[in-house]
Amino acid sequence: MKYEEIQEMLDRYWEGETTLEEERRIKTYFNSGPIDERLRPVSPMFQALREEQSVQLATKVKAVSIRPQMYQWAVAASVALLLAAGWWMFREENTTAPIVDNTPNELPKVVEDQVIETPQKSLVLAEKSDAENPVPRKKSPAKREKPSPTIDPETAQAMAEIKAALALVSSKLDKGRNQAIKGATHLEALDRVPKRKEG
Amino acid sequence: MTWDLFHEQVFPIRHKLYRFALRITGSVHEAEDVVQEVLEKVWKTAPEQTENVQNWEAWCMTLTRNRSLDKTRSQTLRRTAPLEGVAERKSDTITPAQATERNDLVDRVKRMMQQLPEKQRLVMHLRDIEELTYEEIAEALGISLDQVKVNLHRARKTIREKMIHD
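Worth saying up front: this structure is predicted, and the values here are computed from it rather than measured. (Residues numbered from 1 in each chain as written. Chains lettered and ligands numbered in written order. Predicted model: local features only at pLDDT ≥ 70, side-chain atom pairs only at ≥ 80, totals over all residues. Heavy atoms only, no water.)

A. View of the overall build of chain A. If you tally the helices and strands in chain A, you get eight helices and zero strands. A burial count over chain A gives 22% of its 199 residues as buried. Across chain A, contacts joining residues at least 24 apart in sequence account for 55% of those joining residues at least 6 apart. Per element, the accessible surface of chain A, about 13,700 Å² overall, is 60% carbon and sulfur. (Helix = DSSP H or I, 4+ residues; strand = E, 2+ residues; numbered from the N terminus. Buried < 20%, exposed > 50% of the residue type's maximum accessible area, 1.4 Å probe, protein only. Contact = heavy atoms within 4.5 Å. Areas by Shrake-Rupley, 256 points an atom, 1.4 Å probe, with all protein chains shown as cover.)

See the structure below:
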């Protein structure tokens, strides 16, 4: 570049009237190739600017916590689980209470059945080898019937909800973990990028 | 803040944020802390907030400036700190004597810049080192266009006069 051309741009530079493009040309002139003797006094200025432009963050950015997003989901899922569990327990209490009020006569039977059932169960287990086979065989259909009434539609629904909540938690954890791995790989790759690239 | 947004818009400007923080605090250590804090803060920004951000760079620069000023002002004893670790890069095509002389002059300019009043120093940094437009500088510093131009003019004038007279 000719001396006159640079000098003219410099005059405008000091007045703050140059464009970014002109300012880049000035910096390039003073940082590459021979400098006109008449311009040497101001040369350190543009060398300083160019050097300052290449200053880089020397330390690695500490792994920026990847938790926040996972964290939100974990909290949401926990709350969902607690609510579902709470709702289920509440339902349990409610279903037993009406039975006591409306059908007081049937209740003792149920209680008796249960009370009787338990020792028989243990008896069955204890006396498996015994010859009293007909007794447990008769009892076993009764046992199969027992669990089915306990899984009423509401409980089933609650269980389904808990299942769904757990599935959500696990899918989000998986997603979060994949993101974290992806993130870590990116961070490492970025640090290996040649330094001047972003200058 | 999504990973893609962070990766594309924020992470690549970390060196720029670091230079800006270094210009304000004058301390490598503090500037590194500022960048770390700013990146974490941006990363943890709620999605609702990220929708309102038009220019991530300007926003990050503003965060960096505020955080750096907080740090600087909490250390009232320190006024204009010398810029640490900025004269490390040396060209290997010049003789040691030339290098010494050249580096002396170049380092003096750097010190002159660091001794400018805060606003002039930051405007000159954003224009002459980061090559931002006047509009971008005004946004990052929260000042008017006129103030950008006035401060830039004063800063360049001061350096020029010092270079010629010293």
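B. Region of the structure containing the interface of chain B and chain A. Taken together, the contact between chain B and chain A spans 44 residues of the former and 41 residues of the latter. The tally of links from chain B across to chain A stands at six salt bridges. Across the salt bridge formed by B:Arg156 and A:Glu23, the nearest N and O atoms sit 3.2 Å from each other. On inspection of chain B and its partner chain A, the count reaches 18 residue pairs in polar contact (both at pLDDT 80 or more). Secondary structure elements with two or more residues in the side of chain B that touches chain A: helix H1 (3-10), helix H2 (14-25), helix H3 (28-43), helix H6 (96-114), helix H7 (118-129) and helix H9 (145-165) of chain B. Classifying every residue of the side of chain B that touches chain A by side-chain character gives 22 nonpolar, seven polar and 15 charged. (Salt bridge = Lys/Arg side-chain N within 4 Å of Asp/Glu carboxyl O. Polar contact = N/O pair within 3.5 Å; in protein donor to acceptor, adjacent residues only side chain to side chain. Nonpolar A, V, L, I, M, F, W, Y, C, P; charged D, E, K, R; others polar.)

C. Broad picture of the environment of A:Glu22. Residue and element names in this part refer to chain A. Topologically, Glu 22 is positioned in helix H2 (residues 20-31). The sequence separation of Glu 22 and Leu 10 amounts to twelve residues, and the corresponding C-alpha distance is 9.3 Å. When neighbours within four sequence positions are excluded, Glu 22 is seen to be in contact with Met 9, Arg 12 and Glu 17. Within the structure, the side chain of Glu 22 is placed 2.9 Å from the side chain of Arg 12, a separation counted as a polar contact.

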